[in-house]
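Next come the chains, spelled out residue by residue.
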Amino acid sequence: MAREECKALLDALNKTTACYHHLVLTVGGSADTQDLREELQKTRQKARELAVATGARLTVALRDRGLASEERAEFERLWVAFSGCLDLLEADMRRSLALGAAFPLHAPRRPLVRTGVAGGSSAVAARALSARSLRHEAEGDFDVADLPELEREVLQVGEMIDDMEMKVNVPRWTVQARQAAGAELLSAASAGASSAGGVSVEERAGPCDPSKALAATVFGAVLLMAVILALCVANLS
């Protein structure tokens, strides 16, 4: 039960962190607006709440000395994935802080990237926050007032990372994955190839492969011409 709860929290954190990463990429661009800055604030706050809840559940589970070895290995894999989400969240928060300070909304500015895209990203943020829509109620220079708060939250996330490493010692290089690296990509590629081509691997690798037959024919013709030329040279000499 605890493992399933941790998995659900980690999935929600992963989704929210990915959404925040997507929103940060538009800061300073032609689609940068006050709505975007509000969405960034709400999304990172949601990510921090999920991070605190996930870290607390995983810490309790991994500090249980009576945990079976198989269960412990699974919780350690979740812990490594959790720490990766925190690292990405901290990096994106630092990027958002730097871009927000370099491109304030209240001052005349030129977009960092002119993508030609206009409008907000409410749909993406709403999916991460499990809400139908986002209401924007901030007034005036919201981005300027939010920067000090964002700076404090960056420090808090960094302290959270240091604290979790002190409470639970799970070196990342000691955790073994349950499948080989790139297995998901290979399985997806093989599934796509089989559905698109409609030809099995056995059929393509059979003895009547047209490409192999053509290569054998060309090689035989070249070999025959070489033998004939060698005989002609021998007769002339």
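Anyway, here's the lowdown on the structure attached to this text. (Residues numbered from 1 in each chain as written. Predicted model: local features only at pLDDT ≥ 70, side-chain atom pairs only at ≥ 80, totals over all residues. Heavy atoms only, no water.)

1. Overview of the overall build of the protein chain
Point 1. Along the backbone of the protein chain there are eight helices and zero strands.
Point 2. The secondary structure elements of the protein chain, listed N-terminal to C-terminal, are α-α-α-α-α-α-α-α.
Point 3. Considering the protein chain as a whole, with its 237 residues, one finds that 30% of them fall into the buried category.
Point 4. In the protein chain, the proportion of contacts linking residues at least 24 apart, taken out of those at least 6 apart, comes to 83%. (Helix = DSSP H or I, 4+ residues; strand = E, 2+ residues; numbered from the N terminus. Buried < 20%, exposed > 50% of the residue type's maximum accessible area, 1.4 Å probe, protein only. Contact = heavy atoms within 4.5 Å.)

2. Considering the nonpolar core
Note on soluble globular proteins: their nonpolar side chains tend to be buried together.
Point 1. L13, F75 and F82 are the most contacted members of the largest nonpolar core, which has 35 residues in total.
Point 2. Contributing elements (two or more residues each) for this core: α1 (2–24), α2 (34–62), α3 (69–102) and α5 (142–167).
Point 3. Sequence-distant contacts of L13, that is, excluding residues within four places in its chain, are made with A47, L50, A51, T54, F82 and C85. (Core = buried A, V, L, I, M, F, W, Y, C linked by side-chain atoms within 4.5 Å.)

3. Structural notes on the packing of α1 against α3
Relative placement of two packed helices is described by the angle separating their axes and the distance separating the axes.
Point 1. As a packed pair, α1 and α3 sit with axes 10 Å apart at the nearest point and diverge in direction by 20°. When the axis of α1 is compared with that of α3, the two are roughly parallel. Regarding α1 and α3, the two cross each other, and that crossing is left-handed.
Point 2. Its residues placed into classes, the contact of α1 with α3 shows 15 nonpolar, four polar and six charged. (Axes fitted to C-alpha atoms, helices over the stretch in contact; angles between N-to-C directions. Parallel < 35°, antiparallel > 145°, perpendicular 65-115°, else oblique. Left-handed = near helix turned anticlockwise from the far one by under 90°. Nonpolar A, V, L, I, M, F, W, Y, C, P; charged D, E, K, R; others polar.)

4. Examining empty space enclosed by the protein
Point 1. Enumeration according to the criterion identifies one cavity of 30 Å³ or more in this entry.
Point 2. The volume enclosed by the largest cavity comes to roughly 90 Å³.
Point 3. Where the lining of the largest cavity is concerned, the elements lending two or more residues are α2, α3 and α5.
Point 4. The dominant element in the lining of the largest cavity, judged by the number of residues it contributes, is α5, at four residues.
Point 5. Residues belonging to the lining of the largest cavity are distributed by class as follows: four nonpolar, two polar and four charged. (1 Å grid on protein atoms, 1.4 Å probe; cavity = no way out; pocket = protein on both sides within 12 Å on 5 of 7 lines; lining within 4 Å. Points joined across faces, edges and corners; volume = space filled by probe spheres on them.)

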